[in-house]
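Analysis of the macromolecular model
The residues making up each chain are set out below.
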Amino acid sequence: MTANWAAFATAEPDLASTVEKRFGAYTHHILATLRKDGSPRTSGLEVRFLGGELWLGMMPDSLKALDLRRDPRFALQANPGEGTGMGGGDVRISGRAIEVDDVETKAGYVEEVEPPEPFHLFRTELTEVVRTYVEDDTYLVVQVWKPGEPLRTIKRT
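As the structure is a computational prediction, the values presented were derived from the model and not from experiment. Counting restarts for each chain, with residues numbered from 1 along the sequence as it is written. Predicted model: local features are reported for residues with pLDDT of at least 70 only, side-chain atom pairs are reported and counted for 80 or more only, and whole-chain, interface and lining totals are derived from all residues. By convention in this description, side-chain values take in all heavy atoms of the structure and omit both hydrogens and water.

Observations regarding the side chain of R41
Quick reminder of the rule: In this text, helices come from DSSP runs of H or I with a minimum length of four residues, and strands from runs of E with a minimum of two, each type numbered from the N-terminal end. Accessibility here uses a 1.4 Å probe with only protein chains present; expressed as a share of the type maximum, an area under 20% marks a residue as buried, one over 50% as exposed, and anything in between as partly exposed. Definition of a polar contact: a pair of N or O atoms within 3.5 Å, with one able to donate and the other able to accept a hydrogen when the atoms are protein atoms, and with sequence-neighbouring residues admitted only if both atoms are side-chain atoms. Two residues form a contact once any of their heavy atoms are found within 4.5 Å.
With respect to the helices, strands and loops of the structure, R41 is situated in strand β2 (residues 40-45). Relative accessible area serves as the criterion here: at 14%, R41 is assigned to the buried category. Reaching out from R41, the side chain makes a polar contact with the side chain of D67 at a distance of 2.6 Å. Sequence-distant contacts of R41, defined by excluding residues within four places in its chain, comprise L31, A32, T33, R35, L63 and D67.

As C-alpha cells, then:
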C-alpha cells in the first residue's frame, strides 16, 4: 500500500509538518537507490513539496535516475545539519518513485522550481515515514507511519 504526500499530510498533519520543516532546513539531502546488482547507492538530492506531492528532480541520465527507472524503490534521509543537535529530529521517507513524462505536469514544476533543463522528474508514493528524536534528554522516540495504519510511537530509554 502506498500514499502520496497529501494523503500522508491529511492522515498525520503534525508529523507531516515536522518532516517538511526538517527537509526545508537544508537544501541537500541523501537519496538511497538500488544499483543494477541490488547493492545500495546513496546520492545527494534536492526535494520539493508542491501540490500535495513530494517531488524528486534529477539531472538527465544521472545514475540515481537510471536506478529509479529500473527499480523505483527509494529511501530519502533529511540532511541532519551541523553537529549533533538534529533540531526537529531525524526524518526518513521510503517509497516508490514514479517518473513523470506528462508535459503539462513538468511545465508546472518548471514554472514553480525553475530547474536546469533537461531533467528527470519523479513523484513519490510513500510506504513509510519515520521520525526519530530525543525527548527530555531521556527517551529515544521513534514515530513510524505507514499507509493505512495508525501512527506508531515507540519510546526507549
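What follows picks up the thread again.
Describing the pattern of salt bridges
This is how it is decided: A side-chain nitrogen of Lys or Arg and a carboxyl oxygen of Asp or Glu constitute a salt bridge if their distance falls within 4 Å.
On inspection of all chains with the given rule, the structure shows 10 salt bridges. Across the salt bridge formed by R48 and E46, the nearest N and O atoms sit 3.9 Å from each other. The exposure class of E46 is partly exposed, given its relative accessible area of 34%. Here E125 ties to R96 by a salt bridge, and the two come within 3.8 Å at their closest N and O atoms. Of this pair, E125 sits in strand β7 (residues 120-135) while R96 sits in strand β6 (residues 90-99); the two residues are 29 residues apart in sequence, bridging distant segments of the chain. E125 sits in the buried class, given a relative accessible area of 19%. Overlapping salt bridges, with partners in common, bring together R41, D67 and R70 in one network.

Observations concerning the packing of aromatic side chains
Which entries qualify depends on this criterion: In this analysis, rings of Phe, Tyr and Trp, with Trp reduced to its six-membered ring, are considered paired at centre separations within 6.5 Å, and the interplanar angle assigns stacked below 30 degrees, edge-to-face beyond 60, and tilted for intermediate values. Charge-over-ring contacts are defined here by two conditions on Lys NZ or Arg CZ: a distance within 6 Å of the ring centre and an angle within 35 degrees of the ring normal.
Applying the stated criterion across every chain, the model contains 6 aromatic pairs. Aromatic rings pair up to connect W5, F8, F23, F49 and W145 into one cluster. The residue whose ring lies beneath K106 is F119, and the NZ or CZ to ring-centre distance is 4.6 Å. Taking NZ or CZ as reference, K155 lies 5.2 Å from the ring centre of Y139, over its face.

Quick look at the side chain of S43
If you trace the backbone, S43 turns up in strand β2. For S43, the contacting residues outside a window of four places in its chain are H29, I30, L31 and K64.

Some details on the layout of surface pockets
What counts is decided by this rule: Put simply, the grid is 1 Å and covers the protein atoms alone, a cavity is a trapped set of points that fit a 1.4 Å probe, a pocket is an open set with protein on both sides within 12 Å along at least five of seven lines, and lining residues have an atom within 4 Å of a point. Grid points are joined across faces, edges and corners, and a volume is the space filled by probe spheres set on the points. We call Asp, Glu, Lys and Arg charged. Ala, Val, Leu, Ile, Met, Phe, Trp, Tyr, Cys and Pro are nonpolar, and the rest, Gly among them, are polar.
Its volume calculated, the largest pocket comes out at about 350 Å³. Lining the largest pocket we find 17 residues, and of these E46, G57, M58, P115 and P116 sit closest to its centre. Among the secondary structure elements, those contributing two or more residues to the lining of the largest pocket are β2, β4 (53-58) and α4 (103-113). Of the residues assigned to the lining of the largest pocket, the class counts are 10 nonpolar, 2 polar and 5 charged.

As for the nonpolar core
Definition in use: Definition used in this section: a nonpolar core is a set of buried Ala, Val, Leu, Ile, Met, Phe, Trp, Tyr and Cys residues joined via side-chain atoms within 4.5 Å.
In terms of nonpolar packing, the biggest core is built from 26 residues, with W5, F23, L56, L76 and I93 touching the most fellow members. Among the elements of the structure, α1 (5-11), α2 (13-24), β3 (47-50), β4, α3 (63-70), β5 (73-77), β6 and β7 are those that each provide at least two residues to this core. Of the residues forming this core, the biggest block, 4 residues, is contributed by α2. Those residues in contact with W5, other than ones at most four positions away along the chain, are A16, V19, E20, F49, G52, E53, L54, I93 and L126.

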